[in-house]
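# Overview (structure and organization)
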Amino acid sequence: MIILNKDHILNIIKKKSENQLITFNKYKVLFILDLIGLCSDVVESVDLQFDTAVTEGNLNCSIVVNPADIFYTVLMLTSTNIFGECNLIAITCTDNLVQDKFVKDLDKRFTLTYIFLDVKNNSRLNINVNFSEGYMIQSITSLFKSANWLEREIFDLFGIFFAGHKDLRRILTDYGFQGNPLKKDFPLTGYLELRYDEYKKYVGYKNIDLMQEFRVFNTESPWEKLEIVSFTL
Amino acid sequence: MLKFKEVKNFLLNFGPQHPAAHGVLRLILETDGEVIKKADSHIGLLHRGTEKLLENKIYTQGLPYFDRLDYVSMMAQELTFSMSIEKVLGITIPKRALHLRVVFLELTRILNHLLALTTHALDVGAMTPFLWAFEEREKLMEFYERVSGARLHANFIRPGGLAWDCNSSLLYDIFNWLNNFETHIFELENVLIHNRIFKQRLVNIGVMSAFKAFNWGYTGVMLRSTGIKWDLRKTGFLNDLYKDFLVKIPIGLRGDCYDRFLMRIQEMYESCFIIRNALELLPEGNVMSTNSKIIVPPRRNMRMDMEALIHHFKLCSEGYDIFKGQSYFALEAPKGEFGVFLATSNSNKPYRCYIRAPGFFHLQSLDEMSYSHMLADLVTIIGTQDIVFGEVDR
């Protein structure tokens, strides 16, 4: 419990505000209060880890945040430097469709993970957001320019919309592609294939025609699992 | 009475089969005369769905896909994936394997920088260094071939260590090659860095400030050229890889293309130093961890030992399971921070594997970097970003 210690945070804020004038607006103050009081409105759960193999001060922390508050959380991180110099490393998404098939918890269909790197303190922060399909999550492109393509990629591969993104186009798939390939309900082989038509003399999309039925070899043993010695995240 | 005529900017399509586009980059350029006002890059022409394929393969089978991402720095990516699995499983690696990993990671860095620098020079107009460097690259790929059997896609670094040990004659040859190679870098440096035409094309082109570099998610040489001393070899997750070695990190001053060029050359010298160091300190011993629940036993044991045979069968068909959770691991690949985000779900396949490619982030800033530069400078900027489409499109 390093980052969320109340005195620690207050000290940092004090230090920061002595060195450089920070103008607190409503949201920042709200967020600080939430963070300190561990209000469940913003931060749902916190998981702190120290990487023992690494030099001192290396802290890996992951928090789960309410999807509505993601923008303010990131704004808070960047503007008040609680987390040092913040650098957006990646935004990635996980489709929980198959994983939670017994739970049928479609409120948490997608998990969005924002990975931040603090260069000054050499620590990393993961922010997780869980939300259902069709939820409009707020874009952070106004805070991090690098979020632009990352969000486009997630839009392309998962079909998640980002509110406030100015240029939400497909990025990795072909022009006019339909569907979201990394969703778990999208088949590995896809629906269409590109091929050359010998008679019509053109290259075009056709429905996929597999020479042999697609096979999945489930090699997992149904009754026993190999024991894993230890698990550290 | 004055009448103003509305002048529209000129739209120009660049690529995807342009030799200076370093692969399959398509750019829609909006130009005002010869000055670029907007560069909209269309990527994805080499998208092979690696992340989707990885979800359908067991961990061991997924490894060769990593060679094929950035196909000029193969082992750096194998190493990242292997180490991310090792980190999750908590396996410790024998010392000899760690040292050999450093040797091959640094060889890969040289392999990458030789291509990056000289194709950059080629785009700008210098043909000769390209030919020289490819001779050296050929020798490096020979080392790859001797150690793994493949010139490019090595599949040599496995979770738990290395596929097999290197013989001493190979290590001896690498050591000898280093001595000659430093003179070759010197030649390359000599022919380019004081060249007036070359400097005119590179100095003060594509300048980035540190603030912008952070905002665009830069890592590696691109970030260091702006004056930030950040190298995952020294500050990364698992420092035990580079713990024994002195890594000097060159930093840029102006953040322009010329700085990055000089830094890459300097990094090659440093890599030579590290390789020599690693070879001198190379300990004896195993190159594979002995945890038989994760690592396939040696073949000679399988003939004698029933347990080993069972393990071999189970590991080659079923693989090993990783508990539910998520982890992120990154290494300093030649191009920047190459990371692997693994979401696992109690099964033998990754539930989701996100690949953080440094080139993706660098290419993204092309619009801002090339703003109000001339069209010819765009080629310089693409060259300095060291883009490889295998990793950008994944």
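Above this text is the structure in question.
Computed from a prediction, not measured in an experiment: that's the story for all the values here. (Residues numbered from 1 in each chain as written. Chains lettered and ligands numbered in written order. Predicted model: local features only at pLDDT ≥ 70, side-chain atom pairs only at ≥ 80, totals over all residues. Heavy atoms only, no water.)

## Re the overall build of chain A
Within chain A one finds 4 helices and 9 strands. Sequence-ordered secondary structure for chain A, helices as α and strands as β, is α-α-β-β-α-β-β-β-β-α-β-β-β. For chain A, buried positions account for 45% of its 233 residues. If you take every contact in chain A between residues at least 6 apart in sequence, the share linking residues at least 24 apart comes to 51%. Summing over all exposed atoms, chain A offers an accessible surface of approximately 12900 Å²; the carbon and sulfur share of this is 54%. (Helix = DSSP H or I, 4+ residues; strand = E, 2+ residues; numbered from the N terminus. Buried < 20%, exposed > 50% of the residue type's maximum accessible area, 1.4 Å probe, protein only. Contact = heavy atoms within 4.5 Å. Areas by Shrake-Rupley, 256 points an atom, 1.4 Å probe, with all protein chains shown as cover.)

## A closer look at the overall build of chain B
Of regular secondary structure, chain B possesses 17 helices and 8 strands. When the backbone C-alpha atoms are referred to their principal axes, chain B occupies close to 100 × 45 × 35 Å. Taking all 394 residues of chain B together, the buried fraction comes to 62%. Across chain B, every contact between residues at least 6 apart in sequence was considered, and the portion connecting residues at least 24 apart equals 70%. Side chains of chain B give 45 positive and 44 negative charges; the mean places of these two sets differ by 4 Å. (Lys, Arg positive; Asp, Glu negative; His and termini not counted. Charge placed at Lys NZ, Arg CZ, Asp CG, Glu CD.)

## Side note on the interface of chain B and chain A
Interfaces are often sized by the accessible area lost when the parts come together. Between chain B and chain A, the residue contacts involve 66 residues of the former and 67 residues of the latter. For the pair chain B and chain A, the two sides together bury roughly 5600 Å², of which 56% comes from carbon and sulfur. Between K184(A) and E55(B) there is a salt bridge whose closest N-O contact spans 3.0 Å. Where chain B meets chain A, there are 18 residue pairs in polar contact (both at pLDDT 80 or more). Looking at the side of chain B that touches chain A residue by residue, the class counts come to 24 nonpolar, 24 polar and 18 charged. (Buried area = accessible area lost by both parts, 1.4 Å probe. Salt bridge = Lys/Arg side-chain N within 4 Å of Asp/Glu carboxyl O. Polar contact = N/O pair within 3.5 Å; in protein donor to acceptor, adjacent residues only side chain to side chain. Nonpolar A, V, L, I, M, F, W, Y, C, P; charged D, E, K, R; others polar.)

## Considering unusual backbone geometry
One non-glycine residue, K201(A), lies in positive phi territory at about 55 degrees. Assignment of secondary structure puts K201(A) in the loop between β8 (192-197) and β9 (202-207). K201(A) gets classed as exposed once you look at its relative accessible area, which sits at 51%. You will see that R394(B), though not glycine, has its phi angle at about 55 degrees, which is positive. Looking at the secondary structure, you find R394(B) in the segment after α17 (389-393).

## Some remarks on the sheet that holds strand β6 (residues 325-333) of chain B
Residues and elements named next belong to chain B. With antiparallel pairing, the 3 strands of this open sheet are ordered in space as β6-β7-β8. Each having just a single partner strand, β6 and β8 (352-356) make up the two edges of the open sheet. Going from strand to strand, the sheet's axes swing by 15 degrees on average, the running direction of each strand aside. (Pairing = 2+ DSSP bridges. Axes fitted to C-alpha atoms, helices over the stretch in contact; angles between N-to-C directions.)

## Remarks on the nonpolar core
Ranked by size, the top nonpolar core spans 162 residues in total, and within it L112(A), Y114(A), F116(A), I140(A), I160(A), I43(B) and F104(B) carry the most contacts. Here this core takes 14 residues from helix α4 (residues 95-124) of chain B, the largest share from any one element. Once residues within four sequence positions are removed from consideration, F104(B) is found in contact with M75(B), V147(B), F156(B), C166(B), L170(B) and I174(B). (Core = buried A, V, L, I, M, F, W, Y, C linked by side-chain atoms within 4.5 Å.)

## Things to note about the packing of aromatic side chains
Applying the stated criterion to the full structure yields 17 aromatic pairs over all chains. Ring centres of F110(A) and F158(A) lie 6.2 Å apart, and the angle between their planes is 85 degrees; on these two criteria the pair is classed as edge-to-face. Residue F110(A) is located in strand β4 (residues 110-118), and its partner F158(A) is located in helix α4 (residues 147-158); the two are separated by 48 residues in the primary sequence. Each of the two residues, F110(A) as well as F158(A), counts as buried. Their ring planes at 75 degrees and their centres at 5.9 Å tell us that F360(B) and F361(B) sit as a pair that is edge-to-face. On the accessibility criterion, F360(B) (0% relative accessible area) is buried. In this structure F361(B) comes out as buried when scored by relative accessible area, which is 0%. By way of ring pairs, the aromatic residues F110(A), F131(A), Y135(A) and F158(A) are connected into one cluster. Above the face of the Y351(B) ring, K184(A) is positioned so that its terminal group lies 4.0 Å from the ring centre. Of note, K206(A) hangs over the ring of Y202(A), and the distance from its end group to the ring centre comes to 5.7 Å. (Phe/Tyr/Trp six-rings, centres within 6.5 Å; stacked < 30°, edge-to-face > 60°. Lys NZ or Arg CZ within 6 Å of the ring centre and 35° of its normal.)

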